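For reference, the chains in residue letters:
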There are 2 protein chains.
Amino acid sequence: MLLFPIVASLLSILYAVFLAWQVLKAPRGDSQMQDIAKAIQEGALAYLKRQYRTVAIVAIPILAVLWWLFDLEVAGGFLVGAVASAFAGVFGMMIAVRANARVAEGAKKGFPEAFSLAFRGGAVTGFFVVGLALLAVTAYYLATQNLQALIGLGFGGSLISVFARLGGGIYTKAADVGADIVGKVEKGIPEDDLRNPAVIADNVGDNVGDDAGMAADLFETYAVTTVAAMVLGSLLFSGVKEVIELPLFMGAAALIASLLGSMAVRISGKAIMRALYQGLIASAILSVPAFYFILNSRISADAFPRMAWFFASLVGIAVTLLLVGITEYYTSKKFRPVQSIAEASKTGSGTNVIIGLAMGMESTAAPIMVIVAGALLAYGLAGLFGVALAAVAMLSLAGIVIAIDAFGPITDNAGGIAEMANLPESVRNVTDPLDAVGNTTKAVTKAYAIGSAGLAALVLFVSYTQELEHVTGRIFNFELGDPKVLAGLFLGGAVPYLFGSMAMRAVGKAAGSVVEEVRRQFREIKGIMERTAKPDYGSAVDIVTKAALKEMFLPTAIVVASPILVGFLLGPEALGGFLIGTIVTGLFVAISMTSGGAAWDNAKKYIEEGHFGGKGSDAHKAAITGDTVGDPYKDTAGPAINPVIKVVNIIAILLVRFFV
Amino acid sequence: MLLFPIVASLLSILYAVFLAWQVLKAPRGDSQMQDIAKAIQEGALAYLKRQYRTVAIVAIPILAVLWWLFDLEVAGGFLVGAVASAFAGVFGMMIAVRANARVAEGAKKGFPEAFSLAFRGGAVTGFFVVGLALLAVTAYYLATQNLQALIGLGFGGSLISVFARLGGGIYTKAADVGADIVGKVEKGIPEDDLRNPAVIADNVGDNVGDDAGMAADLFETYAVTTVAAMVLGSLLFSGVKEVIELPLFMGAAALIASLLGSMAVRISGKAIMRALYQGLIASAILSVPAFYFILNSRISADAFPRMAWFFASLVGIAVTLLLVGITEYYTSKKFRPVQSIAEASKTGSGTNVIIGLAMGMESTAAPIMVIVAGALLAYGLAGLFGVALAAVAMLSLAGIVIAIDAFGPITDNAGGIAEMANLPESVRNVTDPLDAVGNTTKAVTKAYAIGSAGLAALVLFVSYTQELEHVTGRIFNFELGDPKVLAGLFLGGAVPYLFGSMAMRAVGKAAGSVVEEVRRQFREIKGIMERTAKPDYGSAVDIVTKAALKEMFLPTAIVVASPILVGFLLGPEALGGFLIGTIVTGLFVAISMTSGGAAWDNAKKYIEEGHFGGKGSDAHKAAITGDTVGDPYKDTAGPAINPVIKVVNIIAILLVRFFV
């Protein structure tokens, strides 16, 4: 019965494996390149192993509690979600850390070769993540026919994703900042120089943060959105199967559309962005008939407004494309925001940071308006379920969006390996522009993830209210005039602020440990600067691993504990307000951080292209400050807020019966 | 009948005039000091004249529209509110710009003399503002007996206050940053050096921003909170006079308590903060029996829960003291937040800014929890009117709080004059520590203003819902499950982000004009650096005046237009969500900006005291970046959000009948 989603998701996974095989058979470069790549692979794997071992310490008691509070199916769902989310991150990343040296080697042959290898490497993550997410949800639904068990699955995915995004985000930025402070600033050696003891850790960070962390995040977003739509469909249409299963079929159809769309990615000249967007737009266009076909074949016109549902799903696609366009505007070097940050750098670090912060704040308005307009339109077309379908349609493009994003860390690493292995300048001339585009696509993915998270979280909130009515037998209105609802709204609003603050400070603390270790090595290992002795890369990797894992606990604990506390102490009305409060400030904080951070990064790159004095000028120095500030903004705190707003909602849904 | 509020407010105004006379009779210093003070006076007066002439261009059409839509009483209320708010700012500032040279002169005699003069100068603003606000509301209520006319009065005060806070905030920071960029950075001359053409503009800015702007803001907060409580009392208790008039009597009683409390400000040694807090705590303690007496004598125990109302008013006092304590923690050099920003400066501008942003974000959580707990407690004690009484009680301490704050710009100017007039080092040794305390008290006042604004805005929201029910005859619940309410919530959340972004960029643009003018003078007027020619201070004052006024329009227009647009396009449900959305993100954005900005400033001062390398060290340079970023945060964007959240609520209440 659910053959189509099963087949489509297996196809997607197989396609990912095929792409992986294609990447792996490419030449790996000389022995020095292989050595460096191997060090990165080992570091990344060691980090992930330790991360998931640490996470297990938290996850196993939660598993036991879920089993005790509910049943084996919910606990099993949690396990499936957690393991699949972790696996999605690991598989994509294992290919990424093998693609990097191959892209550097390919860059010797020229631009098209490097681009095509890098894009394939990224597409492995994209199609593996989405295929696995659809497979996990479909199979577990088939096995249990229990929607609460699916919520457990969503919880598992979300919790792992908070850890992966936050831990990976702290790792990547702590290593980056730590390596820069001692290497670039104190010792005056360039980036990606093998004399820097933290250079391998820095490259590991790109993979565990921008690849594995992102993959876990998008796995979670995809799975939770699908589950939320299924749960809402069941609640609104009293358990009609064809409605409950509709999100799975739509996801499957769009996945096929994305597989085909990804083949439209063709580079001509150096128009990288255009090549990537071709794939996205092709996927979006192909999704339209796919959705039409699914709705017409699966949903009976007599019982349900299937045309309205079709148009609601188109709203989701339109929202995705608009969010991509807006984020491109705010983060690309071609437009006013980035250029005005670059210009403000002429008068120093202070003005660079002021204009960067202002741009980050401004960048929230248009996406919010698009999301609001999309939600209102979808609601107008097809009620609450219309909003859910719009969210599902947004997510249906996840495969191609991740593919567009995940090639970024691969090219970033390829550039690093080229530098470390002393490859000719021409190799960097190929990898550098690819890397620069990666900055914008990373920001685009984050805006997409957060936008869809906003819609998905609203759907989860509706599920919470429905579940609450189901449990208590009475109607909850969550009136804004109710002091408890307002109290919850403000308390919920504080969560992203507190979480963001802690995440940023965590980067600072972890970076501090890196700085100390790197300084120690320069002091104790004689001859590093003269290249007569090799630094101990492993020890730096080890230290940043431990620091990142230590720092990720407290913020996550606050996120998990706060809805439980609000639910028990202030009751279900306050908790409803709390959920919405978290979504509202969460969207603003996350968008301002991810877009603002990317804009700072590209403002620096814009100056490096020769504007306002170019590399080494005072403006460039000022822009480096903004870039440093933007790092934990865009790669640690901002993106981790995305799973946060879903975790609090899922916890509320799961525990609602205990709060009344 | 309302004799007591009238007498108390006149007493307060008379006391302010008496203090002004005391200040004015102090010796004015030598002729050079007088010349400088005169230039500052003229610049400040010229700015305010032009500001209010410009604002009149907006206010007069609004006056006409109000007259046309409503009646003469509402339009008259708008006029009274606008003129009184403007006058409150002007009078306090006129004394402040005369106190500055006298404090510098007094500092020659020693610490107690300078402190006492500066505090009296600040207390002029404090007691004049509060006396005038209470007088305006009481007299206009007596004259019209029309609560809608009072809402018009609140609107007038709020609109002027947005302009005054924003225009003054842009002025002060544009002049400051502009003077620093050319003077300190490019020409290497110290702060407050008469060779800098923008030095007078910089000193003018302290007065028009930190004094006149702040005074207009607090006038508005006081008047609007009182009016909101009266309106709510009338709606909830169907027009019973003793309830409607209760806020006026409570305000009058607390004003007397503050007058007495301000006399408890006694300096011993150099414990400035302690001296100021003595006044605050004495005022708070004296307010308790004052409230008890008012409630017992004015409210009949049979008809109303007067003891519950008494306890609700105590909640307001407790919230005030807690907010002061929390802000002190986050912004004073004595505690972890400021010290950790200072420590982060060791590794550069980037880490300084990261930790500063993180601390700003963290600093929102505790105040929000205090406000939420206070609102819930007051509601639990005495329902919605209990929340209104808590807000009134908070505001009743405004006189002493402003007095504590307004001495800051006076000592700042006194230090400047001492420097410019080459007074002995000993004078600066007196004014510098006074100035440093001013940073923290400024932040405390802002947190207080925003906290009370949050409560007042919630009261306004309740009034909006009551008014809506009154107009339509049906009940509005503003349910979070209603897509229109949610849409409004998100759109309202965008207002503080957009407004804050525009305010910060406005400072950048206006500062750019100052930089150009100062550079032009150095280029065209030969001999400035050699002190053989005098720069043209007036022209710099003129340019920053024009730039600030130009930049304040668009953000204010957005604030005024957005509730009208949402009301007309999406209807009254969406507007209800919009109001709450503005309050929620407004509180977070404003608190994170004002506390974060003050923490950056004091982190710099902490380093200048000799920590982490002291003045001139790399850490100090990094801390200057944070201080620059903090300037528009704490003095322009952050505090201006306070009137913004009230303006949108008042517009909604006034226009509600046209949206249905």
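Cut-offs and rules
- Residues numbered from 1 in each chain as written.
- Chains lettered and ligands numbered in written order.
- Predicted model: local features only at pLDDT ≥ 70, side-chain atom pairs only at ≥ 80, totals over all residues.
- Heavy atoms only, no water.
- Helix = DSSP H or I, 4+ residues; strand = E, 2+ residues; numbered from the N terminus.
- Rg over C-alpha atoms; globule rule 2.2 N^0.38 Å.
- Buried < 20%, exposed > 50% of the residue type's maximum accessible area, 1.4 Å probe, protein only.
- Contact = heavy atoms within 4.5 Å.
- Areas by Shrake-Rupley, 256 points an atom, 1.4 Å probe, with all protein chains shown as cover.
- Phe/Tyr/Trp six-rings, centres within 6.5 Å; stacked < 30°, edge-to-face > 60°.
- Salt bridge = Lys/Arg side-chain N within 4 Å of Asp/Glu carboxyl O.
- Least-squares fit on C-alpha atoms with pLDDT ≥ 70 in both.
- Polar contact = N/O pair within 3.5 Å; in protein donor to acceptor, adjacent residues only side chain to side chain.
- Nonpolar A, V, L, I, M, F, W, Y, C, P; charged D, E, K, R; others polar.
- Expected span 1.5 Å × (residues − 1).
- Axes fitted to C-alpha atoms, helices over the stretch in contact; angles between N-to-C directions.
- Parallel < 35°, antiparallel > 145°, perpendicular 65-115°, else oblique.
- Left-handed = near helix turned anticlockwise from the far one by under 90°.
- Patch = residues over 30% accessible without salt bridge, like charges linked within 9 Å, V, L, I, M, F, W, Y side chains within 5 Å.
- pLDDT = per-residue confidence, 0-100.
- Arc of directions from axis to C-beta.

A. Examining the overall build of chain A more closely. The number of helices and strands found in chain A is 19 helices and zero strands. Compactness check: chain A gives a C-alpha radius of gyration of 24 Å against a globular reference of 26 Å for 660 residues, within 12% of the reference. Principal-axis analysis of the C-alpha atoms gives chain A an extent of 75 × 50 × 45 Å. Buried residues in chain A amount to 70% of all 660 residues. When contacts within chain A are restricted to residue pairs at least 6 apart in sequence, long-range pairs at least 24 apart make up 85% of them. For chain A, the exposed area adds up to about 19,600 Å²; of that, 63% sits on carbon and sulfur atoms.

B. Up close: the side chain of Ser595(B). Looking at where Ser595(B) falls in the secondary structure, it is placed in helix α18 (residues 553-608). Residue contacts for Ser595(B): discarding those within four places in its chain leaves Thr327(B), Thr331(B) and Ser363(B).

C. Up close: the packing of aromatic side chains. Residue and element names in this part refer to chain A. Inspection of every chain in the model, using the stated rule, returns 56 aromatic pairs over all chains. The interplanar angle of 80° and the centroid separation of 5.5 Å between the aromatic rings of Phe237 and Phe304 together place this pair among those described as edge-to-face. One end of the pair, Phe237, is in the loop between α6 (199-236) and α7 (241-244); the other, Phe304, is in the loop between α9 (272-298) and α10 (306-331), with 67 residues separating them in the sequence. Taking 5.0 Å as the distance between ring centres and 90° as the angle between the ring planes, the aromatic pair formed by Phe568 and Phe659 counts as edge-to-face. Highlighted residues: Phe568 in helix α18 (residues 553-608) and Phe659 in helix α19 (residues 618-659), separated in sequence by 91 residues.

D. Molecular detail of the environment of Gln41(A). All names here are of chain A. Along the chain, Gln41 turns up in helix α2 (residues 31-69). Classification of Gln41 as buried rests on a relative accessible area of 16%. Put simply, Gln41 and Phe522 are 481 residues apart on the chain and 24 Å apart in space, counted from C-alpha to C-alpha. If sequence neighbours within four positions are ignored, Gln41 has contacts with Val97 and Arg98.

E. Summary view of the pattern of salt bridges. Going through the model one piece at a time under the given rule, you end up with 72 salt bridges over all chains. The salt bridge involving Lys184(A) is made with Glu191(A); its shortest N-O contact spans 2.9 Å. For Lys184(A), a relative accessible area of 37% corresponds to the partly exposed category. Here Glu328(B) and Lys334(B) are joined by a salt bridge, their closest N and O atoms 3.7 Å apart. Ionic contacts of the salt-bridge type, sharing partners, join the residues Lys173(A), Asp176(A), Asp210(A), Lys442(A), Lys446(A), Asp601(A), Lys605(A), Asp631(A), Lys634(A) and Asp635(A) into one network.

F. Structural view of the relation of the copies chain B and chain A. Laying chain B over chain A is done by rotating through 180° and shifting 0.0 Å along the axis; what remains is an RMSD of 0.0 Å. Taken together, the rotation and translation describe the operation of a two-fold axis. Taking the C-alpha atom as reference, chain B places Glu479(B) closest to the rotation axis, 2.3 Å from it. The overlap is high: 100% of the interface residues of chain B also sit at the interface in chain A, so the same surface is used on both sides.

G. Here's a closer look at the interface of chain B and chain A. Taken residue by residue, the interface counts 61 residues in chain B and 61 residues in chain A. Counting across the interface, chain B meets chain A through two salt bridges. In this structure, Glu362(A) engages Arg505(B) in a salt bridge whose closest nitrogen and oxygen atoms are separated by 2.4 Å. Inspection of the region where chain B meets chain A yields seven residue pairs in polar contact (both at pLDDT 80 or more). Contributions of two or more residues to the side of chain B that touches chain A are made by α12 (349-362), α13 (365-395), α15 (425-472), α16 (483-524), α18 and α19 (618-659) of chain B. The element that contributes the greatest number of residues to the side of chain B that touches chain A is α16(B), accounting for 17 residues. Class assignment of the residues belonging to the side of chain B that touches chain A gives a composition of 41 nonpolar, 15 polar and five charged.

H. Main features of helix α1 (residues 3-24) of chain B. All names here are of chain B. In a regular helix each residue adds 1.5 Å, so 22 residues correspond to 32 Å; α1 covers 31 Å between its end C-alpha atoms and thus fits that length. Listed as buried for α1 are Pro5, Ala8, Ser9, Ser12, Ile13, Tyr15, Ala16, Leu19, Ala20, Gln22 and Val23. Buried residues along α1 sit against α3 (72-109), α4 (111-144) and α8 (246-262).

I. Highlighting the packing of α4(B) against α15(B). All names here are of chain B. Viewed as axis vectors pointing N to C, α4 and α15 meet at an angle of 45°, and their least axial separation amounts to 10 Å. Classified by the interaxial angle, the pair formed by α4 and α15 is oblique. Crossing of α4 against α15: the hand is right-handed. The residues of α15 that touch α4, namely those facing Phe111, Ala114 and Phe115, are Val430, Pro433 and Leu434. Here the residues of the contact of α4 with α15 are counted per class, giving six nonpolar, no polar and no charged.

J. Structural context of the packing of helix α13 (residues 365-395) of chain A against helix α15 (residues 425-472) of chain A. All names here are of chain A. In contact at an axis separation of 9 Å, α13 and α15 are set at 115° when each is read in the N-to-C sense. Judged by the angle between their axes, α13 and α15 are roughly perpendicular. Crossing of α13 over α15 shows left-handed handedness. Contacts between α13 and α15 involve Ile371, Ala375, Leu384, Val387, Ala388, Ala390, Ala391, Met394 and Leu395 from the former and Tyr448, Gly451, Ser452, Leu455, Ala456, Val459 and Val462 from the latter. Here the residues of the contact of α13 with α15 are counted per class, giving 14 nonpolar, two polar and no charged.

K. Region of interest: the environment of Thr54(B). Residues and elements named next belong to chain B. Mapping Thr54 onto the fold places it in helix α2 (residues 31-69). For Thr54, a relative accessible area of 15% corresponds to the buried category. The spatial distance from the C-alpha of Thr54 to the C-alpha of Ile645 is 22 Å, given a sequence separation of 591 residues. Not counting chain neighbours up to four residues away, the residues in contact with Thr54 comprise Leu549 and Phe553.

L. Up close: a nonpolar patch on the surface. All names here are of chain A. Where nonpolar side chains cluster on the molecular surface, the patch consists of Tyr292, Met307, Phe311, Leu377 and Leu381 and spans about 450 Å² of accessible area. At the level of elements, α10 and α13 are the ones that each hand at least two residues to the nonpolar patch. You can see Leu381 is positioned in helix α13. Using a relative accessible area of 35% as the deciding quantity, one classes Leu381 as partly exposed.

M. Just the confidence of the model for chain A, in detail. Looking at chain A, pLDDT values average 93 and 100% of them are 70 or higher. Reported confidences for the modelled complex are a pTM of 0.95 and an ipTM of 0.94.

N. Highlighting helix α11 (residues 336-344) of chain B. All of the buried residues in α11(B) are Pro337(B), Val338(B), Ile341(B), Ala342(B) and Ala344(B). All buried residues of α11(B) lie within an arc of 165° about the axis, which places them on one face of the element.

O. Focus on unusual backbone geometry. Residue and element names in this part refer to chain B. The backbone of Gln145 shows a phi angle near 55°, a positive value even though the residue is not glycine. With respect to the helices and strands, the residue Gln145 is situated in the loop between α4 and α5 (147-187). Positive phi outside glycine occurs at Arg531, with the angle close to 65°. Relative to the helices and strands, Arg531 is located in the loop between α16 and α17 (537-551).

P. Spotlight on the side chain of Ser452(A). All names here are of chain A. Structurally, Ser452 can be placed in helix α15. At 3.0 Å, the side chain of Ser452 forms a polar contact with the backbone oxygen of Ala449. Once residues lying within four places of it in the same chain are set aside, the contact partners of Ser452 are Thr221, Met394 and Leu395.

Q. Structural detail: the environment of Ser238(A). Positionally, Ser238(A) belongs in the loop between α6 and α7. The spatial distance from the C-alpha of Ser238(A) to the C-alpha of Leu260(A) is 36 Å, given a sequence separation of 22 residues.

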